[in-house]
Amino acid sequence: MKRENSNRTRIVGLRFTPEEYTKIEKKWKTSTCRKLSDYIRRHLFEKSINTIYRNQSLDDMAHEMMQLFKQLNGIGNNFNQAVKKLHTLNQIPEFKVWIISAELDKKILFDKIDEIKNYIRKISEKWLRS
């Protein structure tokens, strides 16, 4: 709502039962009104109230995807640290073979991580549009 409240000098106190308040609060939280007073004022004066519809299954999936995203980043960071540590030990010939093998595995791992990140990003974009 616009800043029309500069002339608002009158206060109206209302009392609700817990059930009534819960019902009002639930409807307010599905609206785009930031304050409960804005929601009630709009409702009283029959102004339009924009509501938000969220698909709970999509919300749950997005939460899981974000957790997966964080875990993938952690795995990549840990792998990088391990390979850097191995590079400090490259004087021993046996480690050189392992380092080469680890580098190939790293490339495969990071390619898969990038693929999963792109998939998560695409799903997130679809989810945000709906």
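In this text the structure is predicted, and so the values were computed from the model without any measurement. (Residues numbered from 1 in each chain as written. Predicted model: local features only at pLDDT ≥ 70, side-chain atom pairs only at ≥ 80, totals over all residues. Heavy atoms only, no water.)

Participant: Sorry, what's going on with the overall build of the chain here?
Facilitator: Across its full length, the chain holds 4 helices and 0 strands. Beginning at the N terminus, the succession of helices and strands in the chain can be written as α-α-α-α. Residues classed as buried in the chain amount to 17% of the 130 residues present. Sequence-distant contacts in the chain: of pairs separated by 6 or more residues, those separated by 24 or more amount to 45%. If you sum the accessible surface of the chain, you get close to 11300 Å²; carbon and sulfur atoms cover 56% of it. (Helix = DSSP H or I, 4+ residues; strand = E, 2+ residues; numbered from the N terminus. Buried < 20%, exposed > 50% of the residue type's maximum accessible area, 1.4 Å probe, protein only. Contact = heavy atoms within 4.5 Å. Areas by Shrake-Rupley, 256 points an atom, 1.4 Å probe, with all protein chains shown as cover.)

Participant: I keep staring at the layout of surface pockets and nothing clicks. Help me out?
Facilitator: Unoccupied space between atoms shows up once a probe the size of one water molecule is rolled over them. In this model, the largest pocket occupies a volume close to 430 Å³. For the largest pocket, the full set of lining residues is R8, T9, R10, I11, V12, L14, S37, I40, R41, L44 and F45. Taken together, the residues that form the lining of the largest pocket break down as 6 nonpolar, 2 polar and 3 charged. (1 Å grid on protein atoms, 1.4 Å probe; cavity = no way out; pocket = protein on both sides within 12 Å on 5 of 7 lines; lining within 4 Å. Points joined across faces, edges and corners; volume = space filled by probe spheres on them. Nonpolar A, V, L, I, M, F, W, Y, C, P; charged D, E, K, R; others polar.)

Participant: Just to check I follow, could you spell out the pattern of salt bridges for this structure?
Facilitator: Once the charged atoms of two side chains with opposite charge are near each other, the side chains can pair. Applying the stated criterion across every chain, the model contains 4 salt bridges. Its salt-bridge partner being R41, residue D38 comes within 3.2 Å of it at the nearest N-O pair. Here D38 and its partner R41 are both found in helix α2 (residues 36-44), 3 residues apart, which amounts to about one turn of the helix. For E115, the salt bridge identified is with K112, shortest N-O distance 3.8 Å. In this pair, E115 and K112 are both assigned in helix α4 (residues 93-129), 3 residues apart and thus about one turn of the helix distant. (Salt bridge = Lys/Arg side-chain N within 4 Å of Asp/Glu carboxyl O.)

Participant: Would you mind showing me how to read α2 here?
Facilitator: Within α2, the full set of buried residues consists of L36, D38, Y39 and R42. Buried residues of α2, viewed axially, fall in a sector of 160 degrees; they line one side. The inward-facing, buried residues of α2 contact α1 (18-29). The positive-phi residue at the C-terminal boundary of α2 is E46, with phi of around 55 degrees. (Arc of directions from axis to C-beta.)

Participant: What should I look at first to understand the environment of K27 in this one?
Facilitator: With respect to the secondary-structure elements, K27 resides in helix α1. Residue K27 is classed as partly exposed on the basis of its relative accessible area of 45%. For the pair formed by K27 and Y39, sequence separation is 12 residues and the distance between their alpha carbons is 8.9 Å.

Participant: Before we go on, may I ask you to explain a nonpolar patch on the surface in this structure?
Facilitator: A cluster of nonpolar side chains, contributed by V12, L14, F16 and Y21, occupies part of the molecular surface with about 410 Å² of accessible area. With respect to the helices and strands, Y21 occurs in helix α1. When its relative accessible area of 35% is taken as the criterion, Y21 is described as partly exposed. (Patch = residues over 30% accessible without salt bridge, like charges linked within 9 Å, V, L, I, M, F, W, Y side chains within 5 Å.)

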